[in-house]
Amino acid sequence: MDELKQLSEAVIKGNRNEAKRLTQVLLDSGKKPLEIVEQGLVPGMAVVGEKFKCNEFFVPEMLIAARAMKEAMAMLEPLLAQAGIKPKCTAILGTVQGDLHDIGKNLVGMMWKGANIGVVDLGTNVPPEKFVAAAKENNAQLVGLSALLTTTIPAMKDTIKAVRDAGLQTVKVIIGGAPVTQEYANEIGADGYAPDAASAVDVALKAVA
Ligand code: B1M
């Protein structure tokens, strides 16, 4: 198996030391950082996403895979920046106002980064105006909203309204979280809904295509 495939395997297994070692081996052998991302890390994370979708992997496996990916990415990011490699698009991500749950949101962020979507993570309990300011400041194409409480999902509606009222008509808003449904997304005018972090990649890329 070549080293790029081994790197994908290391991500799938969540073996962060092996992922970092192989990233260094590939860099030393002259592989370009973008090739390492696109042919090693991203395919690994894509497999993790598929396994998660079909219940072969659960949250712990996904978290350790994402951590392996993140640590390898940390070695590559400065090199990608030096080479002027830009992410496919920029997303502002956060858990809506009143809500402190962030495990699912963080998974979405990791999957998005794994798909070369730039992520500005605003954290939890984020008021609508903060999403708007960050979207403007970062010239974002996407806003991702997460909510875990039935009492906080109305904040998604308020945030979408704030984004539209700010004139950010081309910014696509993707929503998700355990109590959120496609019906609710339709009702509040979201541009996309994803039931899990792996699907959030497809939904985001489709929204900005
Ligand atoms: Co809270 N909590 N919690 N909690 N908590 C729930 C959500 C709850 C269902 C538990 C219960 O009662 N059975 C309940 C909500 C009930 C309801 O609203 N119907 C609840 C409650 C009531 C509360 C408090 C009010 C408890 C209290 O203080 N009385 C309080 C609220 C605090 C606040 O937010 N203001 C509270 C606090 C907490 C902790 C701080 C202790 C902790 C959060 C720690 C943290 O996140 N850092 C916590 C936890 C851990 C949970 C449970 C146990 C687990 C949630 C979780 O992380 N799931 C949860 C019960 C449960 O689910 N079994 C519960 C794993 C995570 C990967 O899933 O976030 O759904 P999830 O994300 C998925 C998808 O939904 C999707 O992708 C992810 C991966 O597939 N997704 C997106 C998520 N965001 C997305 C965004 C997208 C797309 C997809 O696009 C942008």
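Criteria and cut-off values
Residues numbered from 1 in each chain as written. Predicted model: local features only at pLDDT ≥ 70, side-chain atom pairs only at ≥ 80, totals over all residues. Heavy atoms only, no water. Near = heavy atom within 4 Å. Polar contact = N/O pair within 3.5 Å; in protein donor to acceptor, adjacent residues only side chain to side chain. Helix = DSSP H or I, 4+ residues; strand = E, 2+ residues; numbered from the N terminus. Nonpolar A, V, L, I, M, F, W, Y, C, P; charged D, E, K, R; others polar. Domains from an automatic or database assignment. Buried area = accessible area lost by both parts, 1.4 Å probe. Salt bridge = Lys/Arg side-chain N within 4 Å of Asp/Glu carboxyl O. Buried < 20%, exposed > 50% of the residue type's maximum accessible area, 1.4 Å probe, protein only. Contact = heavy atoms within 4.5 Å. Pairing = 2+ DSSP bridges. Axes fitted to C-alpha atoms, helices over the stretch in contact; angles between N-to-C directions. Donors = N, O, S within 2.8 Å, 3.2 Å for Na, K, Ca; no water. Expected span 1.5 Å × (residues − 1). Right-handed = clockwise from strand over helix to strand, strands pointing away.

**Observations concerning the site of the ligand**
As a matter of local geometry, the ligand sits amid 27 residues, with Leu-100, His-101, Asp-102, Ser-146 and Thr-150 nearest to it. Between the ligand and Ala-197 there is a distance of 3.2 Å, counted from an oxygen atom to a backbone nitrogen or oxygen. Per element, the largest residue contribution to the shell around the ligand is four residues, and it comes from helix H5 (residues 103–114). Considering only residue class, the shell around the ligand consists of 16 nonpolar, eight polar and three charged.

**Topic: the domain arrangement of the protein**
For interface size, the figure often reported is the accessible area lost on association. As far as domains go, the protein holds domain 1 (3–82) and domain 2 (89–208). Placing a centre on the C-alpha atoms of domain 1 and another on those of domain 2 gives a separation of 25 Å. Of the roughly 1000 Å² buried where domain 1 meets domain 2, counting both sides, 80% is carbon and sulfur surface. When the area that domain 1 buries against domain 2 is broken down by residue, the three leading residues are Lys-53, Met-62 and Leu-63, summing to 38%. Viewed at the interface, domain 2 and domain 1 are joined by one salt bridge. Our count for the contact surface shared by domain 1 and domain 2 stands at one residue pair in polar contact (both at pLDDT 80 or more).

**Let's talk about the environment of Ile-64**
When you line up the elements, Ile-64 lands in helix H4 (residues 59–82). For Ile-64, a relative accessible area of 34% gives the class partly exposed. A sequence separation of 50 residues divides Ile-64 from Gly-14, and the C-alpha atoms of the two residues are 4.8 Å apart. When residues no more than four places from it in sequence are discounted, the contact partners of Ile-64 are Lys-13 and Gly-14.

**With respect to the sheet that holds strand S2 (residues 117–121)**
Taken in spatial order, the five strands of this open sheet run S2-S1-S3-S4-S5, and their pairing is parallel. On the outer flanks of this sheet lie S2 and strand S5 (192–193), each paired with one strand and no other. Strands in contact with helix H6 (residues 128–137) are strand S1 (89–95) and strand S3 (142–146); relative to S1, the strand with the most contacts, it is inclined by about 165°. The sheet strands contacting helix H7 (residues 154–165) are S3 and strand S4 (172–176), and the helix crosses S4 at an angle near 175°.

**A closer look at the coordination of the cobalt atom of the ligand**
Protein coordination of the cobalt atom of the ligand is limited to a single donor, His-101 (NE2), which sits 2.2 Å from the metal. Here His-101 is to be found in the loop between S1 and H5.

**Quick word on the pattern of salt bridges**
Evaluation of the coordinates by the stated rule reveals ten salt bridges. Close ionic contact of Glu-50 with Lys-53 constitutes a salt bridge, the shortest N to O distance being 3.4 Å. In this pair, Glu-50 and Lys-53 are both assigned in helix H3 (residues 33–53), three residues apart and thus about one turn of the helix distant. A relative accessible area of 35% places Lys-53 in the partly exposed class.

**Thoughts on helix H9 (residues 197–208)**
Given a rise of 1.5 Å per residue, twelve residues ought to cover 16 Å, and the 17 Å separating the end C-alpha atoms of H9 matches this to within 8%. Among all positions in H9, only Ala-197, Ala-198, Ser-199, Ala-200, Val-201, Val-203, Ala-204 and Ala-207 are buried. Of the residues that open H9, the one with a side-chain oxygen 3.1 Å from the backbone nitrogen of Ala-198 is Asp-196.

**Description of the pairing of S4**
Counting buried residues along S4, four of its five residues qualify, which places the element largely inside the surrounding structure. Note: S3 against S4, five bridges, orientation parallel. Across the sheet, Gly-144 pairs through a bridge with Ile-174, a residue of S4. Crossover connection from S3 via H7 to parallel S4: handedness right-handed. Bridge count for S4 against S5 is two bridges, and the pairing is parallel. Residue pairing across strands places Ile-175 opposite Tyr-193, the latter belonging to S5. Read from S4 through helix H8 (residues 182–188) to S5, the crossover connection turns out right-handed.

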